Amino acid sequence: MARRELTLINRRGLHARAATRLVQCCQQFDASVTVWHGERRADAANIMALMMLAAPCHTLLIVDTDGPEAEAALEAITLLIEARFDEDG
């Protein structure tokens, strides 16, 4: 299991397009991913659950990964968030 605290830095936070990108990123790995915003949690395989976190820009998220490719998944998620989901130009 791997865990990392990440801050959303894209302007819109975890909205529909960003949530979709996160789900697509996670699907590439043999790992389960859980995203926490405060006391709320979401399975990163579920776009609606991610959007229900209501996480705007500057939100601190905790990302937990578990499985054979947990570390690789966490690194890919970190890069995606740091790249602002390739949204902000």
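A brief report on the enclosed structure follows. Predicted model only: the values in this text are computed from it and were never measured.

## A closer look at the sheet that holds strand E1 (residues 2–7)
Move 1: Reading across the sheet, the four strands line up as E1-E4-E2-E3 and stay open at both edges, with antiparallel pairing between neighbours. A strand with exactly one partner marks an edge of an open sheet, and here the two such strands are E1 and strand E3 (40–43). For this sheet the average axis-to-axis angle between neighbouring strands, irrespective of direction, equals 25 degrees.
Move 2: In terms of strand pairing, strand E2 (residues 32–37) meets E3 through four bridges, oriented antiparallel.

## Looking at a nonpolar patch on the surface
Move 1: Where nonpolar side chains cluster on the molecular surface, the patch consists of Ile47, Met48 and Met51 and spans about 250 Å² of accessible area.
Move 2: Along the chain, Met48 turns up in helix H2 (residues 47–51).

## A word on the environment of Trp36
Move 1: Looking at the element boundaries, Trp36 is found in strand E2.
Move 2: Classification of Trp36 as partly exposed rests on a relative accessible area of 24%.
Move 3: Between the C-alpha atoms of Trp36 and Val63, which are 27 residues apart in sequence, the distance is 6.3 Å.
Move 4: A distance of 3.1 Å separates polar atoms of two side chains, one belonging to Trp36 and the other to Asp64.

## Considering the nonpolar core
Move 1: Leu14, Leu22, Val35, Leu50, Ile77 and Phe85 are the most contacted members of the largest nonpolar core, which totals 25 residues.
Move 2: For this core, the elements supplying multiple residues, two or more each, are E1, helix H1 (16–27), E2, strand E4 (60–66) and helix H3 (70–82).
Move 3: Not counting the four nearest positions on each side in its chain, Leu14 is found in contact with Leu8, Ala19, Leu22, Leu50, Met51, Leu53, Ala55 and Phe85.

## With respect to the pattern of salt bridges
Move 1: Under the defined criterion, the tally for this structure stands at three salt bridges.
Move 2: Between Arg3 and Asp64 there is a salt bridge, and its shortest N-O distance comes to 2.5 Å. Taken together, the residues Arg3 in strand E1 and Asp64 in strand E4 connect sequence positions 61 residues apart.
Move 3: Residue classification places Arg3 among the exposed residues on the basis of a relative accessible area of 53%.
Move 4: Asp64 sits in the buried class, given a relative accessible area of 7%.
Move 5: With a closest N to O distance of 3.2 Å, Asp86 and Arg21 form a salt bridge. Taken together, the residues Asp86 in the segment after H3 and Arg21 in helix H1 connect sequence positions 65 residues apart.

Cut-off values and rules
Residues numbered from 1 in each chain as written. Predicted model: local features only at pLDDT ≥ 70, side-chain atom pairs only at ≥ 80, totals over all residues. Heavy atoms only, no water. Pairing = 2+ DSSP bridges. Helix = DSSP H or I, 4+ residues; strand = E, 2+ residues; numbered from the N terminus. Axes fitted to C-alpha atoms, helices over the stretch in contact; angles between N-to-C directions. Patch = residues over 30% accessible without salt bridge, like charges linked within 9 Å, V, L, I, M, F, W, Y side chains within 5 Å. Areas by Shrake-Rupley, 256 points an atom, 1.4 Å probe, with all protein chains shown as cover. Salt bridge = Lys/Arg side-chain N within 4 Å of Asp/Glu carboxyl O. Buried < 20%, exposed > 50% of the residue type's maximum accessible area, 1.4 Å probe, protein only. Polar contact = N/O pair within 3.5 Å; in protein donor to acceptor, adjacent residues only side chain to side chain. Core = buried A, V, L, I, M, F, W, Y, C linked by side-chain atoms within 4.5 Å. Contact = heavy atoms within 4.5 Å.

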